[in-house]
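Analysis of the macromolecular model
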Amino acid sequence: AVGREDALAAVRKRGRALRFLPPELQADREVVLEAVRQYGGALEYAAAEIRADREAVLEAVRQDGVALAFAAAELRSDREVVLE
């Protein structure tokens, strides 16, 4: 099993690694934040509750605007998020 520290190290190097982590780590806010800072598109692999987390979505969209497509619907219509 992948430990949390190993997961953090992996996503800091390559945000896409979030895709291969177990669901409990895809739902770990800190792990997801690190992943989307490195690769915004990693938001696609985050748990639904994090795709609805405004800060996580803003971080992802700042890194790559395409990440907006993976945000929860209510954030896709949030003016600040969209303008980011």
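Counting starts from 1 at the beginning of each chain's written sequence and moves along it residue by residue. It should be noted that, the model being predicted, local features are given only for residues of pLDDT at least 70 and side-chain atom pairs only at 80 or more, the latter also being counted only at that level, while totals for whole chains, interfaces and linings use all residues. Note that the side-chain values use all heavy atoms of the structure and ignore hydrogens as well as water.

As for the overall build of the protein
Secondary structure is summarised from DSSP: a helix means a run of H or I of at least four residues, a strand means a run of E of at least two, and numbering begins at the N terminus for each. When helices and strands are counted, the protein shows seven helices and zero strands. Sequence-ordered secondary structure for the protein, helices as α and strands as β, is α-α-α-α-α-α-α. We compute the radius of gyration from the C-alpha atoms alone; for a globule the expected value is 2.2 Å times N to the 0.38, where N is the number of residues. The C-alpha atoms of the protein give a radius of gyration of 12 Å, which matches the 12 Å a tight globule of 84 residues would have. With respect to the principal axes defined by its C-alpha atoms, the protein has extents near 40 × 20 × 15 Å. Burial analysis of the protein (84 residues in total) assigns 44% to the buried set. Only heavy atoms enter the contact rule, under which two residues are in contact if any of them lie within 4.5 Å. For the protein, contacts bridging at least 24 residues in sequence account for 31% of all contacts bridging at least 6. In this description, accessible areas are obtained by the Shrake-Rupley approach with a 1.4 Å probe, and a residue is regarded as covered only by the protein chains that are shown. Counting every atom, the protein has about 4,700 Å² of accessible surface; 48% of that belongs to carbon and sulfur. By the counting scheme adopted, Arg and Lys are positive, Glu and Asp are negative, and His together with the chain ends is not counted. Every charge is mapped onto a representative atom, which is NZ of Lys, CZ of Arg, CG of Asp or CD of Glu. The protein carries 13 positive and 16 negative side-chain charges, and their two centres are separated by 4 Å. Buried, partly exposed and exposed residues are distinguished by accessible area as a fraction of the type maximum, computed with a 1.4 Å probe on protein chains only: under 20%, between the cut-offs, and over 50%, respectively.

Quick notes on helix 3 (residues 29-38)
Listing the buried residues of helix 3 in full gives Val31, Val32, Leu33, Glu34, Ala35 and Val36. Along its buried surface, helix 3 packs onto helix 1 (4-13), helix 2 (23-26), helix 4 (48-51) and helix 5 (54-63). Of the residues that open helix 3, the one with a side-chain oxygen 3.1 Å from the backbone nitrogen of Glu30 is Asp28. Side-chain atoms alone can form a polar contact between residues adjacent in sequence; in general such a contact is a pair of N or O atoms within 3.5 Å, and within protein one must be able to donate a hydrogen while the other accepts it.

Examining the nonpolar core
Residues belong to a common nonpolar core when they are buried Ala, Val, Leu, Ile, Met, Phe, Trp, Tyr or Cys residues joined through side-chain atoms within 4.5 Å. Judged by nonpolar contacts, the single largest core of 26 residues is most densely connected at Val11, Leu18, Leu21, Val31, Leu43, Val57 and Val81. Secondary structure elements with two or more residues in this core: helix 1, helix 3 and helix 5.

Focus on the side chain of Asp53
When you line up the elements, Asp53 lands in the loop between helix 4 and helix 5. A polar contact of 2.6 Å, which involves the side chain of Asp53, links it to the side chain of Arg29. A polar contact of 3.0 Å, which involves the side chain of Asp53, links it to the backbone nitrogen of Glu55.

Notes on the environment of Glu59
Relative to the helices and strands, Glu59 is located in helix 5. Along the primary structure Glu59 and Glu84 are separated by 25 residues, whereas in three dimensions their C-alpha atoms are 9.3 Å apart. In this structure, Glu59 is in contact with Leu33, Val36 and Arg37, ignoring residues within four places of it in sequence.

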